[in-house]
Amino acid sequence: MDAVAGIIKELNGEIDVVTNPGKGTTFLISVPLISSFIPLTLFGVNGTLFAVPSHHIVAALYVEGNKIGRISEKTGSIHIDKMDVVLIDLSAIFDMQPGPATEETPNRNVLILSHQDEIAGFIVSEVVMEKKMIIGKVGSLQDKMPLILGAVLGSEQAIPVLNVPFLFGRLKTQMDGA
């Protein structure tokens, strides 16, 4: 029981114990929602790790370069399951240099994400893993960077967790301007 109490304390949670003689004991454990373990998919964009809540992931694909069409300078498209999916390089959203694809190696890693009734593909450098992790708040940083929902602690760094609804809104704005 001490081990459980220690973990709950680390998560900023509480344990309430109610004992009714002759009836038994009830343990009520509560943890803040922000401290709940949720599945996250970790991925890299040009050497920087990011994460998204895994419930937004529809698929992780390795797409041949000749299967990627162009919509505009910043967006492309791929055809999946009888539909065209808008494709954007996440390095462009973060104002990073474009990913490593060249004419010699045009293939790309793509995460297909969903939000409400929309889906879109996002080019990433690599898909690392899915892992249950705790998302921590980033305080006032989220006001300055609404694309970041929170962060998780990696072995050596904080890993930003992307705000998928904001990401889709940004994509829609970019598409309307194309």
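Everything below is about the structure shown above.
About the cut-offs
- Residues numbered from 1 in each chain as written.
- Predicted model: local features only at pLDDT ≥ 70, side-chain atom pairs only at ≥ 80, totals over all residues.
- Heavy atoms only, no water.
- Pairing = 2+ DSSP bridges.
- Helix = DSSP H or I, 4+ residues; strand = E, 2+ residues; numbered from the N terminus.
- Buried < 20%, exposed > 50% of the residue type's maximum accessible area, 1.4 Å probe, protein only.
- Contact = heavy atoms within 4.5 Å.
- Salt bridge = Lys/Arg side-chain N within 4 Å of Asp/Glu carboxyl O.

**Brief notes about the sheet that holds strand β8 (residues 83–89)**
Part 1 of the argument: Spatially, six strands are ordered β5-β9-β10-β8-β7-β6 in an open sheet, and the strand pairing comes out mixed. Two strands close off the open sheet at either side, each with one partner strand: β5 (57–63) and β6 (69–70).

**Some points on the environment of Leu 40**
Part 1 of the argument: Turning to its location among the elements, Leu 40 is positioned in strand β3 (residues 37–45).
Part 2 of the argument: Overall, the relative accessible area of 0% leaves Leu 40 in the buried class.
Part 3 of the argument: Once residues lying within four places of it in the same chain are set aside, the contact partners of Leu 40 are Ala 51, Val 52, Pro 53, Ser 54, Met 129, Glu 130, Lys 131, Met 133, Ile 135, Val 152 and Val 161.

**A short note on the side chain of Ser 114**
Part 1 of the argument: As for its placement among the helices and strands, Ser 114 is situated in strand β9 (residues 108–115).
Part 2 of the argument: In this structure, Ser 114 is in contact with His 55, His 56, Val 58, Ile 119, Val 164 and Phe 168, ignoring residues within four places of it in sequence.

**Notes on the pattern of salt bridges**
Part 1 of the argument: For the structure shown, the criterion picks out one salt bridge.
Part 2 of the argument: Between Asp 89 and Arg 108 there is a salt bridge, and its shortest N-O distance comes to 3.2 Å. Here Asp 89 is found in strand β8, whereas its partner Arg 108 is found in strand β9, with 19 residues between them in sequence. Of the two residues, Asp 89 and Arg 108, neither departs from the other in class, the shared state being buried.

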